[in-house]
Amino acid sequence: MPEALPSTWIVDLILMLMLAELVALTVARQLWGRGPKFADVAPNLAAGAALAAALRAELAGEHWSWMVACLTASLGFHLIDITLRMRTTAREP
């Protein structure tokens, strides 16, 4: 396996910040009862995280199948997010 490029650390940082955002939103909702529900933000953040993971796999020189797997996962999370948003908007007057 080729050695990772030095630029992969920034993708790791982005992924950690995305996880921190999810935790912060969840905790804020638990404490104050305000903000988005976990189920409303998780698919969106998961899609973004999967895209970041695909970028990291490419920068690290991983086998192409890792990037394809990450992009496929991102598509799946994106479709879940769109489906949930469409259901929510269909219920609103």
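Since the model is a prediction, treat every value here as computed from it, not as a measurement.

Rules used in this analysis
Residues numbered from 1 in each chain as written. Predicted model: local features only at pLDDT ≥ 70, side-chain atom pairs only at ≥ 80, totals over all residues. Heavy atoms only, no water. Helix = DSSP H or I, 4+ residues; strand = E, 2+ residues; numbered from the N terminus. Buried < 20%, exposed > 50% of the residue type's maximum accessible area, 1.4 Å probe, protein only. Contact = heavy atoms within 4.5 Å. Areas by Shrake-Rupley, 256 points an atom, 1.4 Å probe, with all protein chains shown as cover. Expected span 1.5 Å × (residues − 1). Patch = residues over 30% accessible without salt bridge, like charges linked within 9 Å, V, L, I, M, F, W, Y side chains within 5 Å. Salt bridge = Lys/Arg side-chain N within 4 Å of Asp/Glu carboxyl O.

Engineer: Which residues make up the overall build of the protein, and what are the values?
Structural biologist: Helices and strands together make up the secondary structure of the protein, namely 3 helices and 0 strands. In the protein, which comprises 93 residues, the share counted as buried stands at 19%. Relative to all contacts within the protein whose residues are 6 or more apart in sequence, the contacts with residues 24 or more apart total 61%. Summing over all exposed atoms, the protein offers an accessible surface of approximately 6,800 Å²; the carbon and sulfur share of this is 70%.

Engineer: Which residues make up helix 2 (residues 38-59), and what values do they have?
Structural biologist: In a regular helix each residue adds 1.5 Å, so 22 residues correspond to 32 Å; helix 2 covers 30 Å between its end C-alpha atoms and thus fits that length. Gly 61 occupies a position one or two residues after helix 2 and carries a positive phi of about 75°.

Engineer: Before we move on, could you go through a nonpolar patch on the surface and cite the residues and values that matter?
Structural biologist: A surface patch of nonpolar side chains, amounting to about 620 Å² of accessible area, comprises Trp 9, Ile 10, Leu 13, Ile 14, Met 16 and Leu 17. Among the secondary structure elements, Leu 13 is positioned in helix 1 (residues 8-32).

Engineer: Which residues make up the pattern of salt bridges, and what are the values?
Structural biologist: Under the definition given, this model contains 2 salt bridges. Between Arg 56 and Asp 12 there is a salt bridge, with its nearest N and O atoms 2.5 Å apart. Of this pair, Arg 56 sits in helix 2 while Asp 12 is found in helix 1, placing the two residues 44 residues apart along the sequence. For Asp 81, the salt bridge goes to Arg 85, with nearest N and O atoms at 3.1 Å. A residue pair is termed a helical-turn pair when its members lie 3 or 4 positions apart in one helix, as Asp 81 and Arg 85 do in helix 3 (residues 64-91) at 4 residues.

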